[in-house]
Amino acid sequence: MKVLMLGAGATGGYFGGRMLEAGRDVSFLVREHRAAQLRGNGLLVRSPQGDLRLKPRVLISGHIHETFDLVILACKAYDLEAAMTAIAPAVGPETAILPLLNGLRHFELLDERFGADQVLRGLCSIAVRLDSDGAIEHMSEMHALRFGEIDDRRTSRIEAIEALMQGCKFDGRASFSIQQAVWEKWVMLASLAGMTCLMHANVGQIVVAPEGRALMLDTIDECAAIAAAHGYAPRQHVLDGTRTILTEPGSRAKASMLRDLEQGGKVEADHILGDLIARGAKHGIAAPLLRAAHTSLKIHEATLKKPARQKA
């Protein structure tokens, strides 16, 4: 299969790099600055699973003159509109589009743009970050990628993608309950992002503070209630696991959204929290903790939009 990876940041660079390492036909569609890094230093990955230094094929938006069998989207939600425009020339009648964003709204937008029959459902679980030198740092043993059809059918393209990922140095598998898995990840991520961003603290710091553990559990309950209202109540073992991970004493875990916040960058407030709140409101679920976290993030976004003050 010919694969186009939209993005060579932390997530796209890691999974695309592992596929390239295994000899797969992978090209990376990136911005000019990232293209210069990749052409100069190569694709660098530092990982407990083994380091990489590769020379990938790099494409720039507006300069695509071929179609691909599989297009994987590994971008932030606030870049989705630009990403859809960038990949459009690479999408042919038989192209499968696999987004790895969090939440649900992006699926609906992609379905509208390219047609629901071309858009798969997918998610990934990995802790990675992009260092200032352009290297990708993989921070744990976890590196899982799941994908499936919207109706959970086993199709020839799902089998082909699963075959593509076999032999790559990450856990890439088809899921035949992908909608359930997407909702369960959203519950965990929204809980983690909401609380760590609201408190400006990691999990360990939150749970030792007065009422911190209780607030974390209440946030998880808000998210789980919204999922349940849409017919995707988290399975008990998954919910128990989420509660354990997000109340672990001494844990240094925090959402990547908090890292973005701390660096003064853009955040996915509306996509991760705002959309979940809106879906809950349609079912009469108030979600006050999620709303507080969302409001805090929107205040941050407002400061980013203020024009710089001119010096006298």
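Counting starts from 1 at the beginning of each chain's written sequence and moves along it residue by residue. Only residues with pLDDT of at least 70 are given local features in this predicted model, and only at 80 or more are side-chain atom pairs given and counted; all residues enter the totals for whole chains, interfaces and linings. Side-chain descriptors were evaluated using all non-hydrogen atoms of the structure, hydrogens and water having been removed beforehand.

Caption draft 1: Representation of the overall build of the chain. Secondary structure summary: the chain contains 12 helices and 10 strands in total. A compact globule built from 312 residues should have a C-alpha radius of gyration of about 20 Å, and the chain, at 19 Å, falls within 12% of that. With respect to the three principal axes, the spread of C-alpha positions in the chain is 60 × 55 × 35 Å. Partly exposed describes any residue whose relative accessible area lies between the buried limit of under 20% and the exposed limit of over 50%, with all areas from a 1.4 Å probe on protein chains only and scaled to the type maximum. By residue count, 53% of the 312 residues in the chain fall in the buried class. Whether two residues are in contact is decided by their heavy atoms: any pair within 4.5 Å suffices. Here the contacts in the chain between residues at least 6 apart in sequence split such that 69% fall between residues at least 24 apart. For the chain, the exposed surface amounts to about 14,300 Å²; the carbon and sulfur share of it is 52%. In this description a helix means any DSSP run of H or I spanning at least four residues, a strand means any run of E spanning at least two, and both kinds are numbered starting from the N terminus. Here the globule rule is a power law, 2.2 Å times the number of residues to the power 0.38, and the radius of gyration is based on C-alpha atoms. For the area figures, the Shrake-Rupley method with a 1.4 Å probe applies, and any residue is considered shielded solely by the protein chains shown.

Caption draft 2: Quick look at the pairing of strand β10 (residues 171-174). What you see with β10 is a clean split: Gly 172 and Ala 174 sit on the buried side and Asp 171 and Arg 173 on the side with no burial. Summarising the sheet, strand β9 (residues 136-148) and β10 pair through 4 bridges and their orientation is parallel. Bridge pairing in β10 places Ala 144 opposite Asp 171. Strands pair, by our definition, only if DSSP identifies at least two bridges between them.

Caption draft 3: Layout of the pairing of strand β8 (residues 121-130). Here 9 bridges tie β8 to β9, and the two strands are oriented antiparallel to one another. In the sheet register, Arg 121 faces β9, and the bridge partner there is Gly 148. A loop of 5 residues connects β8 with β9, the two strands running antiparallel in sequence, and Gly 134 in this loop sits at a positive phi of about 90°.

Caption draft 4: A look at the nonpolar core. Residues belong to one nonpolar core when they are buried, are Ala, Val, Leu, Ile, Met, Phe, Trp, Tyr or Cys, and are joined through side-chain atoms within 4.5 Å. If you look at the biggest cluster of nonpolar residues, it comprises 41 residues, and the most contacted ones within it are Met 257, Leu 276, Leu 290 and Leu 297. Counting residues per element, the ones that place at least two in this core are α6 (178-199), α7 (203-208), α8 (212-229), α10 (256-262), α11 (269-281) and α12 (288-305). Ignoring any residue separated from it by four or fewer positions in sequence, one finds Met 257 in contact with Ala 193, Cys 197, Val 267, Glu 268, Ala 269, Ile 272 and Leu 297. Membership of the second largest hydrophobic core comes to 38 residues, among which are Leu 38, Ala 74, Cys 168 and Ala 174.

Caption draft 5: Here's a closer look at the side chain of Gln 180. As for its position among the elements, Gln 180 is in helix α6. Polar contacts here mean pairs of N or O atoms no more than 3.5 Å apart (in protein, one a potential hydrogen donor and the other a potential acceptor; neighbouring residues in sequence count only if both atoms are side-chain atoms). Polar contacts involving the side chain of Gln 180 include one to the side chain of Glu 184, which spans 2.9 Å. Dropping the residues within four chain positions of it, Gln 180 is found in contact with Tyr 232, Ala 233, Pro 234 and Arg 235.

Caption draft 6: Local environment of the pattern of salt bridges. Every case where a carboxyl oxygen of Asp or Glu lies within 4 Å of a side-chain nitrogen of Lys or Arg is listed as a salt bridge. The tally for this structure, following the rule as stated, stands at 26 salt bridges. Here Arg 57 makes a salt bridge to Glu 66, at a shortest N to O gap of 2.6 Å. Since its relative accessible area comes to 40%, Arg 57 is described here as partly exposed. Salt-bridge contacts for Arg 154 lead to Glu 162; the nearest nitrogen and oxygen are separated by 3.9 Å.

Caption draft 7: Summary view of the packing of aromatic side chains. Pairing of aromatic side chains requires ring centres within 6.5 Å, counting the rings of Phe and Tyr and the six-membered ring of Trp. Pairs whose planes differ by under 30 degrees are stacked, by over 60 edge-to-face, and all others tilted. Taken as a whole and assessed by the stated rule, the structure comprises 4 aromatic pairs. Where Trp 183 meets Trp 186, the ring centres are 5.1 Å apart and the plane angle is 45°; that geometry is what we call tilted. Of the two residues, Trp 183 and Trp 186 are both situated in helix α6; the distance of 3 residues between them amounts to about one turn of the helix. For the pair shown, Trp 183 and Trp 186 are each scored as buried. Among the aromatic residues, those joined into a ring-pair cluster are Tyr 14, Phe 15 and Phe 170. Looking at Lys 2, its charged tip hangs above the ring of Phe 68, at a distance of 4.8 Å from the centre. Any Lys NZ or Arg CZ that is within 6 Å of a ring centre and within 35 degrees of that ring's normal is treated as a charge sitting over the ring.

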